[in-house]
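Okay, here's what each chain looks like letter by letter:
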Amino acid sequence: MKKLFLVLSILLIIASCKEKEKVTKKEIFNLTVTAKNFPDSTKVYLYNRDIDKNIDSAYVLNHSFNFSGKVDLPSLCYLEFYDKNKKQIEPYKFFFLENQDISIIGDYSDFINAKVIGSYQTNLYLKYDSISTNSDKANRASKEIDFLFSNANNQMTLNELLYKKKEISKDSLLVFYEKLDSINSNSAKGQELLTYAKTIDIKVGDKFRDIIGKDLNGEKHKLSDHLGKIILLDFWAPGCYPCRLQNKNEFPELVKKYNKEDFIIISYSLDTNEKSWRKSSEDDKINWLNISDLKGMKGENVNKYAVTTIPNSFLIDQNGIVVKSFIGFSDGSNVIEKEIDRLLK
């Protein structure tokens, strides 16, 4: 009888815990922020990085503000602050927004390290970051990957794995994908991972892969329209500082030097907002072919070239063969110019 009572007690406890889980599961998020020493009327934007847009805004009043709403899945978000002159100010904070009661407590002087309470996936990221910070350089990567594979079913892990995808074999990525539940496997990040894992990386010596995009006038362009020329296909974005430097310093010089040759630059923006793309293009005085599909890093064109870091340029010869890939930009190095000269000999 005592054994039966014990079993029933355990079952009741389990049932009670499950019921408690149901009660505490939220349909919306309530985000309360304590922003110590921020001036009143500081404007705050809640920016969702996963969809690349501001989803709400508020003003700091008496050192606090709050947001409420709903996200389909836990999303990487930023709090961005602007003064009364609409100038962005330095303190910011990133975290994972979930449909839970979440609080953030921080000070103006060090808001990047504000404490986040109530976000499971933010806490998971902090554990991951601790492994990265406290591991020796020799075994850091393996420890990071082990952690991600051991914590598969969440958006934080998918987010970090997508950053590291080129460090992991595609077979291993497919194994990871198989560990995902239906919610995460069918999410945008899950599908981005699957698409990458199934795509054969482009490399030097391969034939180009055709891409289609529209320019700022809405006209369609295909890379294959320019076969027979030397093509420099460059992936860039407005928020990428070295990309903008390259637009302003290197590319105009290439256009000027090779304007009588069969040479073309095709800039491909990873923007998701046409106004932002237009403004940055005008600011950089881009007068060469400038296209996009406004799908950012999630677009099919980006996947064809397995772009993970920008700026990333591909030099394609007159026969449509990829002869070089350039990552990053070092002003004055002239590495692209030297390769073009070699092709024109």
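Placed above this text is the structure.
Description of the structure in this document.

### With respect to the nonpolar core
Right, on to step 1. Residues Met156, Leu161, Leu173, Phe176 and Leu193 are the most contacted members of the largest nonpolar core, which totals 24 residues.
Right, on to step 2. Within the residue set of this core, elements represented by two or more residues are helix H2 (120-134), helix H3 (137-150), helix H4 (155-163), helix H5 (170-178) and helix H7 (188-198).
Right, on to step 3. In this structure, Met156 is in contact with Phe96, Gln121, Leu124, Tyr125, Tyr128 and Phe147, ignoring residues within four places of it in sequence.

### Section: the sheet that holds strand E8 (residues 115-117)
Right, on to step 1. Read across the open sheet, the four strands follow the order E4-E1-E7-E8; overall the sheet is mixed. Since the sheet does not close on itself, it has two edges, and those belong to strand E4 (64-69) and E8, each with one partner. Going from strand to strand, the sheet's axes swing by 15° on average, the running direction of each strand aside.
Right, on to step 2. Across seven bridges, strand E1 (residues 29-36) lies against strand E7 (residues 101-107) in parallel orientation. If you follow Ala35 over to E7, its bridge partner there is Gly106.

### With respect to the packing of aromatic side chains
Right, on to step 1. Counted under the stated rule, the structure contains 19 aromatic pairs.
Right, on to step 2. A ring pair is formed by Tyr78 and Phe94, whose centres lie 6.3 Å apart and whose planes are at 50°; its orientation type is tilted. Of this pair, Tyr78 sits in strand E5 (residues 75-82) while Phe94 sits in strand E6 (residues 88-97); the two residues are 16 residues apart in sequence, bridging distant segments of the chain.
Right, on to step 3. Residue class for Phe94 comes out partly exposed when judged on its relative accessible area of 27%.
Right, on to step 4. Arranged with centres 5.9 Å apart and planes meeting at 90°, the rings of Phe251 and Trp288 form a pair that is edge-to-face. With a gap of 37 residues between them, Phe251 in helix H8 (residues 241-257) and Trp288 in the loop between helix H9 (274-283) and strand E13 (289-291) connect regions that are remote in the sequence.
Right, on to step 5. These aromatic residues form a ring-pair network of at least three members: Phe38, Phe65, Phe67, Phe81, Tyr108 and Phe111.
Right, on to step 6. For Lys165, the ring lying beneath its charged end belongs to Tyr196, and the centroid distance is 4.7 Å.

### A word on the pairing of strand E2 (residues 43-48)
Right, on to step 1. Pairing geometry for E2 and strand E3 (residues 53-59), over six bridges, is antiparallel. The residue bridging Val44 from the neighbouring strand is Ala58, located in E3.
Right, on to step 2. What sits between the antiparallel neighbours E2 and E3 is a turn of four residues, in which Asp52 has the positive phi angle 55°.
Right, on to step 3. Bridging between E2 and E5 involves six bridges; their strand directions are antiparallel. When the sheet's bridge partners are listed, Lys43 is paired in E5 with Tyr82.

### Regarding the side chain of Asn48
Right, on to step 1. Positionally, Asn48 belongs in strand E2.
Right, on to step 2. The exposure class of Asn48 is buried, given its relative accessible area of 4%.
Right, on to step 3. Separated by 2.9 Å, the side chain of Asn48 and the backbone nitrogen of Asp50 make a polar contact.
Right, on to step 4. Those residues in contact with Asn48 that lie beyond four places of it in its chain are Lys53, Ile55, Val71, Ser75, Leu76 and Cys77.

### Focus: the pairing of E7
Right, on to step 1. Going residue by residue along E7, you find Ile102, Ile104 and Gly106 tucked away on one face and Asp101, Ser103, Ile105 and Asp107 left uncovered on the opposite face.
Right, on to step 2. Sheet analysis places E7 next to E8, joined by three bridges and oriented antiparallel. Its bridge partner being in E8, Ile104 is matched across the sheet by Val116.

### Points about the sheet that holds E6
Right, on to step 1. Here we have four strands laid out as an open sheet, ordered E3-E2-E5-E6, and antiparallel in their pairing. The sheet terminates laterally at E3 and E6, the two strands that pair on one side only. Each strand axis lies, on average, 20° off the axis of its neighbour in the sheet, ignoring direction.

### As for the pattern of salt bridges
Right, on to step 1. Evaluation of the coordinates by the stated rule reveals 12 salt bridges.
Right, on to step 2. For Lys203, the salt bridge identified is with Asp206, shortest N-O distance 3.7 Å.
Right, on to step 3. The partner of Asp283 in a salt bridge is Lys279, and the shortest N-O contact between them spans 2.9 Å. Of this pair, Asp283 and Lys279 both sit in helix H9, four residues apart, which is roughly one turn of that helix.

### Observations regarding unusual backbone geometry
Right, on to step 1. Put simply, Ile310 and Pro311 share a cis peptide bond, and its omega is 0°.
Right, on to step 2. One can find Pro311 in the loop between helix H10 (300-304) and strand E14 (312-316).
Right, on to step 3. Within the chain, His63 stands out as a residue other than glycine whose phi angle is a positive 65°.
Right, on to step 4. Looking at where His63 falls in the secondary structure, it is placed in the loop between E3 and E4.
Right, on to step 5. The phi dihedral of Leu294 is positive, around 55°, even though this residue is not glycine.
Right, on to step 6. Within the secondary structure, Leu294 is located in the loop between E13 and H10.
Right, on to step 7. Judged by its relative accessible area of 28%, Leu294 falls in the partly exposed class.

### Overview of the side chain of Ser280
Right, on to step 1. Mapped onto the elements, Ser280 comes out in helix H9.
Right, on to step 2. At 3.0 Å, the side chain of Ser280 forms a polar contact with the backbone oxygen of Ser276.
Right, on to step 3. Setting aside residues up to four positions removed in sequence, Ser280 forms contacts with Trp236, Pro238 and Arg244.

Thresholds applied
Residues numbered from 1 in each chain as written. Predicted model: local features only at pLDDT ≥ 70, side-chain atom pairs only at ≥ 80, totals over all residues. Heavy atoms only, no water. Core = buried A, V, L, I, M, F, W, Y, C linked by side-chain atoms within 4.5 Å. Buried < 20%, exposed > 50% of the residue type's maximum accessible area, 1.4 Å probe, protein only. Helix = DSSP H or I, 4+ residues; strand = E, 2+ residues; numbered from the N terminus. Contact = heavy atoms within 4.5 Å. Pairing = 2+ DSSP bridges. Axes fitted to C-alpha atoms, helices over the stretch in contact; angles between N-to-C directions. Phe/Tyr/Trp six-rings, centres within 6.5 Å; stacked < 30°, edge-to-face > 60°. Lys NZ or Arg CZ within 6 Å of the ring centre and 35° of its normal. Polar contact = N/O pair within 3.5 Å; in protein donor to acceptor, adjacent residues only side chain to side chain. Salt bridge = Lys/Arg side-chain N within 4 Å of Asp/Glu carboxyl O.

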